[in-house]
Each structure stands twice: as structure tokens, then as C-alpha cells.
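# Observations on chain architecture
Now for the letters of each chain:
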Amino acid sequence: MSMEKQAVERARTAFLTRRSRPLEFRAQQLKALQRMITEKERDIAAALKLDLNKNEFQTPLYELVGLESEIQLALEKLPEWAAPRTAEKTLLTISDEVYVQPEPLGVVLIIGAWNYPFALVIQPLIGAIAAGNAAVIKPSEVSEHTARLLGELLPQYIDKDLYPVVNGGVPETQELLRQRFDHVFYTGNCAVGKLVMEAASRHLTPVTLELGGKSPCYIDKDCDLSIVCRRITWGKYMNCGQTCIAPDYVLCDQSIQSRVVEEIKKALKEFYGDDLKTSPDYGRMINQRHFKRVTALLEGETVALGGESDEADCFIAPTVLTGVTGSSKVMQEEIFGPVLPLVSVGSVDEAIRFINQREKPLALYVFSYDSKLIKRMIAETSSGGVTANDVLLHYSISALPFGGVGNSGMGSYHGKHSFDRLSHLRSCLIKSLNMEAVNKVRYPPHSAKKLSWARFFILKRVRLGTLGRLALLAAFVALAALVAQRFL
Amino acid sequence: MLPSPSSPSPARWFRTLRRTKSTEQSSKLSLSVCTELLRKSREALASGRTLREEFRLSQLEALVRMLVENEDEFVDVLHKDLHKPRFETVLSELILVKNEALFAVNNLKKWMNPEYVARSLVTSLDECFVVSEPLGVVLIIGSWSSPVQLNLVPLVGAVAAGNCVILKPSEISSHTTELLQRLIPSYLDTECYHVISGGPSDLTDLLELKFDHIFYTGSRATGQQVMQAAARSLTPVTLVLGGKNPCYVDRECDVGIAAQRIAWARFHNAGQSDVAPDFVLCHTDVQARLILALRSCLLQFYGPEPRHSASFGRLVNAELFTHVRDLVLASGKVAVGGEMDEAEKYIAPTVLTDVLESDPAMQQEIRGPVLPIMTVYSADEAINYIRRKEKPLCLYVFSSDRKVISNMMTCTSSGSFCANDSVLQSMMVVLPFGGVGASGMGSYHGRCSFNTFSHRKSCVLRNTRVECVTYLRYPPYEDRSLSLMMWASSLSRRSQAWCQIL
């Protein structure tokens, strides 16, 4: 039996012992995860530095703070999330219990990505644990230091049978995908997303796919470009452009393009100083393959800013391209690198048309003082999420579901949405074996009279407090007795 | 006494041949027509008309009118397809859909409004909300057992959510499909909503086209095929799949009442239901009483000759008849019923006992008016049996002991659960209905339908003018700014937004 299959079987056996179900156990595991993040922050930062040249301040900020917040939220809200959720009653169910009971799905497979290798594995894991599941964790092998670290750390802190870490490359991932899971949670690109869903379909396993795309960023003409460009620069060049919700390209009027370039240049200087290459805050491409992929996109384009690169260091300077059109090579795929094309559009109508001609992106950004324009952009385009007058933010608010649509993915998570996504929300109706008189209406032999009564009972809806319900129940019982006696 | 299986007659061969020929013709017709309909739907979507609340309301109201004005026709076609009595058609098909449509009409405004998430001091300058938008063009493939309900309830959800729809009712319930094909264009917008028909080979072709959501009710095998095809274009799916729904009858229970409720659920629509109890698990003591009670119920419901009762249905076609007949012949012993007539596709309400786990009736989905009873020693044994099998769409328990009900619920999993009755939980607008594991994924009914056919888009609208606070997040990163950030975000943690300070 392969190692992958063994890990899955162990997780399933552990799940079937039911020990992941009690809320105290889930809370204990979440607290252990919290401890791991606090105690091992240095090791995590070191691994991320080796993988992506993230510096020691970037890591806690962008990978860890969010996770700690999610864990705190889950710990606080778990009793509420896991409790039965009562549903509205009708006349027919007035004396019954009608509710939705969240339950664990079983064994969840979490496949992480390499760009935020720690966060993109731990965040879904928090949801999986909170929902009472077992989880098999497969970090991305591309961010190898973090993958190795996760393999070492997680078993030291959380239950190693319930939450095994499986490391490896493509063959190991394929072997994992041949096993049967109760949910597969994948973060990555579209091409592999399709393969993951196809593999899952063989076992009728539901999936959550957090994919990417080209996230457009529209800048209205009358904006304070210095603020706008500073925010865009921050979001775009963070992690060397390797963020799934980074603004991929900008749409703006030709007349402001040169100013945009200027402001970005200013912001870059503020952030990274004069010599970018030596700035401890500027990242690197994850590997040579991606380095080559992104530098190839620059061929034949007009470089307005940046363009320098160093293959040995996987360094690409923050770059801005102008004169880009819809058919340029750089507009055909998600850039996932520090290259920002500026595409001219004459109006917001043209921008909306341009966006709608393309696949639905993971994020959409619009900068404008005109709230009507913003609302129009939201209403007339589709994307996973939207942040107006800033970038990336919708990711950070736990109350907002985070996910894609169309080619950018399916399903969403964060906060309570993670819990719900990785639970089965089971509808429950608890009746008693009395009040049979009412039921008689539905039994054969059928009659027109019974049909009229049935129509009445089913179509009436009630929204009452407890006292109201009791009063109505009493009246109802009397009515039912009357009906049974006289007509049935 | 059971009739011996008759040998296929020349007339039957000829009928099969004719059906194959017409299926082939419609198969060639379907794909090109569908491509064109898909194109039309996308154009209609792009026009923006489905985005308007008034439009969606008018379509939902038209759907209700369609059901009300054509009640007799619906009763007629369902009688032709399934020998469904008027009562069942009106209640479990028409009223159910009407209920869903009216619920959507009454709540549409609320559902379409943005949902603001809790604001706090830190987020007070921003607007954070979730807005629901249509997915696009939805493909709905409804099953034949309750052809009106299974096609039109998802249609209600898709319309309410602002999508365009291509509806493909089953070719097996052919009269109902034909009626839907005729009526829907007269009531609903002909650019946005289309009805097509076709056989199984058409489905493969259809699934090559790109939709924005596929909603399928039917068998597991086809469900897998649907999901596999959907994967190629990253299309989300909702699958509501059939299987074997267990029903445990406890010793502590009013067996008479339990029998009535079980009998109603199992034998309505001649057992052709995805949600009815498929088999019973009970103690030997209970079995004898249960059989007596069932026999008496059936007499009360359908009279001494169910074949002559207007309240009892027929199997939808010869294949299904053969399938159910073969299951009965190879499993256990007939305790009640067992009479069959192939020409009429009639199988009497039948109860089987002395059934073993390995019998065909316990291995395959029955889809007919046959209820096997398998004995177990205890509730725990029943639980172990249920857990050995795939997660069912529905799970039923009859008991007056709350502990038994609670135990059964916590120790098993199923799409939905009902204690002391059956089927009803699948008819309620307020409860999401769907499967889990092998019984499917996703759910619908009521608000849940609206959500299933929507994309819930998270939006944050920030203020451009207040920049000072955001300075903390920009490089160069220093220890000082990090501590400040950590402090600030510890404030934020309480407001459920970890980097609001960003």
C-alpha cells in the first residue's frame, strides 16, 4: 500500500473513532495550532525567507496574523457554529423540531499553494478542524522549505493520525487524488483545478477550488493618483507579484497613464528605496521556471518602468508596461509576477466591456470618488470579490466569504464560511408519533375534500413567538380533532 | 402467487425499435438546437434583463399562473406517465412548486439586497457587504419520478437568482416533458428559458457545452458523469442522487402509526421516489406487528385490490418493472402483496421479509412499491449496518424514545434526517434539501435554491481620503511598525476583521 493511501486510511480510521467531534477536542487542536504559530514563528519566517525571500516582518504580517485571528474567531464562535440552526415553522410543523444540524464531512484533503505556503494550508485546516473533520495536508512541493517544516511541525502540535502531512511532487499528489475523500480543498491554478475536480468526480467528492485569473484594476480619471498608485503598488508588488488576488493589470484613460507610472515609481522608491535588489522587503520569484515565464511576457512590450531581471537570483524588478492591448501576450494568462500592464480604455463602459469579454477573475478593483460608478462596476461585472479604492482587503475580513466564480474557482471560505463549507448541513425534522389526525389528510383513499384541507395546511406559513406558537397549537389541535371527526 | 416472466413478444420488440429510432432522430436534433439555445440565453443574459427584480418577479408569477391554469393538464399527463392520482399530483408536484415560487416572490427583495456584515469602530469608514449575482446560464436536468417538482423547483431558484435556464426534463416521463415543452414558452420569457428533451446519448453531447452551473437529479452513475464533464470547464454542480434510504423502527414505538406513515411514504407514486424509505430495519419482535399494521394500512389505503384503486400508481416503464420484479423474485419472502401485471406495469404494494444483506433488494435501489424488512437485534446493530453503506439521501427513525432518535442521528450521516415520519423534510421550503457523500452535493429549496444558483460576491468599499492609518502597512517594514500593527490588529480581532487597520 502506498504511503499516501496509508495516511488517508489512518486519517479515516481516526475519524471513525469519533474523537474529532467533541467541541473540546476541536478547541484543543486549534489552541495547539495557535501555540505552534507563536512558538515557531522564527522557524516559519526562516522557511518563507528561503522559499520566497519574505522578510521577518512580512511573514507575521501577511501569513500569521490572519491565521491567529481566524483561530481566535473559531475558538470563540465554535459553540454557536456547531449548534443546531432552527428553521421557520409552518402550520404543519408547529409542534415539531425543524432545524439544520452541522456535522463533519469526514476526511478532507487540503492541497496548498506555494505563494503563501503556510497560510494557504493552515487557513483551510482551521476550518476543517473546527468542523470536526480529519484532514490530509499536502503542502506545495514548490515551496519546499515550508513544506518540509509543516511536515515536521504539525505532528508535534496536533493529532498526527487525524491530520497527517503528506509531502511529495506530482506523482504523490496524483496518488492522493486517487483516494477517496469527503471534500477536496485546492488552491492553485485552473489547469490543475480541472484535474482535481475530475479526480474528485470519480468518488462524487465535493470540491472547493481557489484558483486565479487576471484581476482587473480600473482607475477612474478624477482620482488622487498618489494614494491610488501607492495602494496598487503595495498590493501588486508584494511577494513579487505572486498573490492570487494581486491587481493583474490596470485599465485607465490614456491621459493619466504617464502620471500613474510616475506615482508608482514614487511609491516604489518609498517602499523599497533606491536599490530594489538590496531591499530586504522586496521578494523573489519562487523558481527559475516562473522567472522565465514572467520575463518572456515582457518580450515586445513597451517597458515604462523597471524591466531589469537577474536569473541567478530569480529577481525581476517591479515593472510597468504601457501600450498594452487585449491581444498582447501579457494579457493572455495570469501574470503572477511583478509586471503591471496598463491598458487604455476611453470610458468606464469600455472597461466593463473589456472585463466581461474575459473569464471571471478572482478579484476586481476599482478606484473612483464616484460611488455610482463603483456600484455600476460591481453590478455589471462578475468576479470572486471586489475591493473599491484599495486592493486585497476583501480577503482580510472574516465575515466576508472569500472565493472565486467561473474560472477563478468554486466555493468560498474564511471565518464561519470555512466551517460551513467543510461541514454537512443536515436538515432534520423531529416529529412525534401523535397528532395523527392531521396526517390523515394525506393518506389514500384520496378525496377532493382531503385535497382542499391539505392545500390549506401546506400553504400557510407562520412566524410567531413561543406564546403565539402555543396558542396556535392549541387552536390547531382543536381544529384537527374537528376535521378528523367530521370529515375523515 | 407470482406470475412467471413472460417471453418478449414481437409487438414489444417493434415498440422498442420504434422508440430507438425516434430517440436517434431527436438526438441529432438536440445538440445543434441546444448550442443555439445556449447562445440565445447568453445574449439574453448580456442584455441585463434578468438582473431586474421586476423581471424575475414577473417570471415567477407567470410560473405560478402556468401551474394554476393548467392543473388539469398536469394531472392528466402525470396520470399517463406514472398513473399518479390527482391528489398526489396537486400536492406533491404542483403545490410544492407553487409554494417555492411564492416564497421566492415574497422574499426576493430581501435576497437581492446586499447583506452588510457587522460594522465596528474600525470598519466604520468602509462598507463591507455580500451581494448575490446570477451565475449565468444554468442547466437543469430533472428526474422522472416527480417530473414537475424535480424540474420546476430548481427552475424557481435559478429564475429568482437571475439566471437564464436550459431545462432538460427526463424523456422517461415523456408526456410531462412534452407538456412542459409546450407550456413554458407560453408563460416564461422565450429568450431566457428553454426546454429541451432527449435521450441518454444526448446528455453526453450536452455536457460538452459550457454552462455556469449544472443541477442534476437522478442516479449516481450519471451524477458522476455530469461532474466529470463539468470538471472540464470548471462548472460547479449540484447533484441530488438516489440510493437506499434506511428506516429504523424501534421497539419503543406506536407501530400502528409508524406503519401508516411508512406505508404512505413508501407506496405513494408506486414507490418511485428518491426520498421514500427504501427498506426497514427492526427487531424481530417489531417485525410481526409491523407487517400486520402495514397490511391493514394498505387495505385501508388502496382497498383489497390496489390495482383497481385510483390512488395507486404504476411503474413508469417496462425496464423499471422488470428491475423491480427481478428484485422481488430474488429477495426474501413476500409477506404482503407480490401481485404483478407486466402489461400494466403494475406491482402491488409488497412487503418482503426474511431479507438478507446480500439479497438484491438490499443491494440495489428499489424504485418501486416494495418494502424489504430486515431484522436487527438492536438500534446499535442498525446503526452499524447503516454506517457500512454509503451515506443515503434520507434517513428515518421511528421511536418514542428521544435517546434512540438522538443516537441514530449523531452516529450516522445522511443528506437529511426525519424522526417519526418521512418524506416531509424534503418538501419544506425552510429546510435545505440535498445529499452528502454518494447521495450528492449541494442543496436547494427556498433560500438555499437562491444561494445555490447565485454567486455571493464579497465587496469592500473603501474611503480614499483617509490615508494616514494605512501608512502602517507599507514597506519598509520595521520592528516598530510591526508592533504597532500587531497591537492594532489585536483590536481588530474582536471585530472579526484581522487586518482592518490595513
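My aim in this report is to walk through the structure given alongside it, one point at a time. (Residues numbered from 1 in each chain as written. Chains lettered and ligands numbered in written order. Predicted model: local features only at pLDDT ≥ 70, side-chain atom pairs only at ≥ 80, totals over all residues. Heavy atoms only, no water.)

Cis geometry marks the peptide bond from A:Pro444 to A:Pro445; its omega dihedral reads -5°. Inspection of the secondary structure puts A:Pro445 in the loop between helix H15 (436–439) and helix H16 (448–459). Its identity is not glycine, yet A:Arg18 carries a phi of approximately 70°, on the positive side. Residue placement: A:Arg18 occurs in the loop between helix H1 (3–16) and helix H2 (23–39). Despite not being glycine, B:Ala270 shows a phi value in the positive range, around 50°. Tracing the sequence through the fold places B:Ala270 in the loop between helix H9 (255–267) and strand E9 (279–282). (Helix = DSSP H or I, 4+ residues; strand = E, 2+ residues; numbered from the N terminus.)

Attention now goes to the sheet that holds strand E7 (residues 237–241) of chain B. All names here are of chain B. Strand order in the open sheet formed by six strands is E5-E4-E3-E6-E7-E18, and the pairing between neighbours is mixed. Each of the sheet's edge strands pairs with one partner strand only, and the pair in question is strand E5 (193–195) and strand E18 (440–441). With four bridges joining them, strand E3 (residues 137–141) and strand E6 (residues 213–218) adopt parallel strand pairing. Note on E6: the bridge partner recorded for valine 138 is histidine 213. Across the face of the sheet, helix H5 (residues 147–160) comes into contact with E3, strand E4 (164–168), E5 and E6 while running at roughly 165° to E3. (Pairing = 2+ DSSP bridges. Contact = heavy atoms within 4.5 Å. Axes fitted to C-alpha atoms, helices over the stretch in contact; angles between N-to-C directions.)

This next bit is on the nonpolar core. Among the nonpolar cores identified, the biggest contains 316 residues, and A:Ile122 and A:Leu125 are the most heavily contacted of them. Ranked by residues supplied to this core, first place goes to helix H4 (residues 86–112) of chain B with ten residues. Once you skip the residues sitting within four places of it in the chain, A:Ile122 turns out to touch A:Leu33, A:Met36, A:Leu67, A:Leu150 and A:Leu154. (Core = buried A, V, L, I, M, F, W, Y, C linked by side-chain atoms within 4.5 Å. Buried < 20%, exposed > 50% of the residue type's maximum accessible area, 1.4 Å probe, protein only.)

Okay, the packing of helix H3 (residues 71–82) of chain B against helix H6 (residues 174–187) of chain B next. Residue and element names in this part refer to chain B. Contact geometry for H3 and H6: axes closest at 7 Å, N-to-C directions at 150°. One finds that H3 runs roughly antiparallel with respect to H6. Contacts between H3 and H6 pair Glu73, Phe74, Val77, Leu78, Lys80 and Asp81 from the former with Ser174, His175, Thr176, Leu179, Leu180, Arg182 and Leu183 from the latter. Of the residues assigned to the contact of H3 with H6, the class counts are six nonpolar, three polar and four charged. (Parallel < 35°, antiparallel > 145°, perpendicular 65-115°, else oblique. Nonpolar A, V, L, I, M, F, W, Y, C, P; charged D, E, K, R; others polar.)

Now for the interface of chain A and chain B. Facing the 108 residues of chain A at the interface are 113 residues of chain B. Approximately 9,700 Å² of surface area, both sides summed, lies buried where chain A meets chain B, with 62% of it carried by carbon and sulfur atoms. Counting the surface chain A buries against chain B, the share from its top three residues, A:Leu204, A:Leu433 and A:Arg442, is 9%. Note that B:Arg462 is salt-bridged to A:Asp390, the shortest N-O span being 3.1 Å. Inspection of the region where chain A meets chain B yields 37 residue pairs in polar contact (both at pLDDT 80 or more). The greatest single-element share of the side of chain A that touches chain B, amounting to ten residues, is contributed by helix H4 (residues 58–82) of chain A. For the side of chain A that touches chain B, the class distribution of residues is 51 nonpolar, 31 polar and 26 charged. (Buried area = accessible area lost by both parts, 1.4 Å probe. Salt bridge = Lys/Arg side-chain N within 4 Å of Asp/Glu carboxyl O. Polar contact = N/O pair within 3.5 Å; in protein donor to acceptor, adjacent residues only side chain to side chain.)

Here the focus is H2(A). Helix length check: H2(A), at 17 residues, gives a terminal C-alpha distance of 24 Å against a target of 24 Å (1.5 Å per residue), a fit within 8%. Those residues of H2(A) that sit buried are A:Phe25, A:Arg26, A:Ala27, A:Gln29, A:Leu30, A:Ala32, A:Leu33, A:Gln34, A:Met36 and A:Ile37. (Expected span 1.5 Å × (residues − 1).)

All names here are of chain A. Pairing is mixed across the open sheet formed by five strands, whose spatial order is E4-E3-E5-E6-E17. A single partner strand is all that each edge strand has here, and the edge strands are strand E4 (134–138) and strand E17 (409–410). Where strand E5 (residues 183–187) lies against strand E6 (residues 207–210), four bridges are found, and the strand directions are parallel. Within E6, the residue paired with threonine 187 across the bridge is glutamate 210. Together, strand E3 (107–111), E5, E6 and E17 form the strand contacts of helix H8 (residues 190–201), whose direction differs from that of E6 by roughly 180°.

Another aspect to go through is the packing of aromatic side chains. The geometry of an aromatic ring pair is captured by two quantities: the separation of the ring centres and the angle between the planes. Tallied over the full model, the rule gives 20 aromatic pairs over all chains. Judged by centre distance (5.9 Å) and plane angle (75°), the rings of A:Tyr282 and A:Phe315 are edge-to-face. Here the residue A:Tyr282 occupies a position in the loop between helix H10 (254–272) and helix H11 (288–296), and A:Phe315 occupies one in strand E11 (residues 315–316), the gap between them amounting to 33 residues. Under the relative-accessibility criterion, A:Tyr282 is labelled buried at 0%. With a relative accessible area of 5%, A:Phe315 lands in the buried category. Through pairs of rings, three or more aromatic residues link up here, namely A:Tyr443, B:Phe301, B:Tyr302, B:Phe312 and B:Tyr346. Taking the ring centre of A:Phe354 as reference, the NZ or CZ of A:Arg358 above it sits at 3.8 Å. (Phe/Tyr/Trp six-rings, centres within 6.5 Å; stacked < 30°, edge-to-face > 60°. Lys NZ or Arg CZ within 6 Å of the ring centre and 35° of its normal.)

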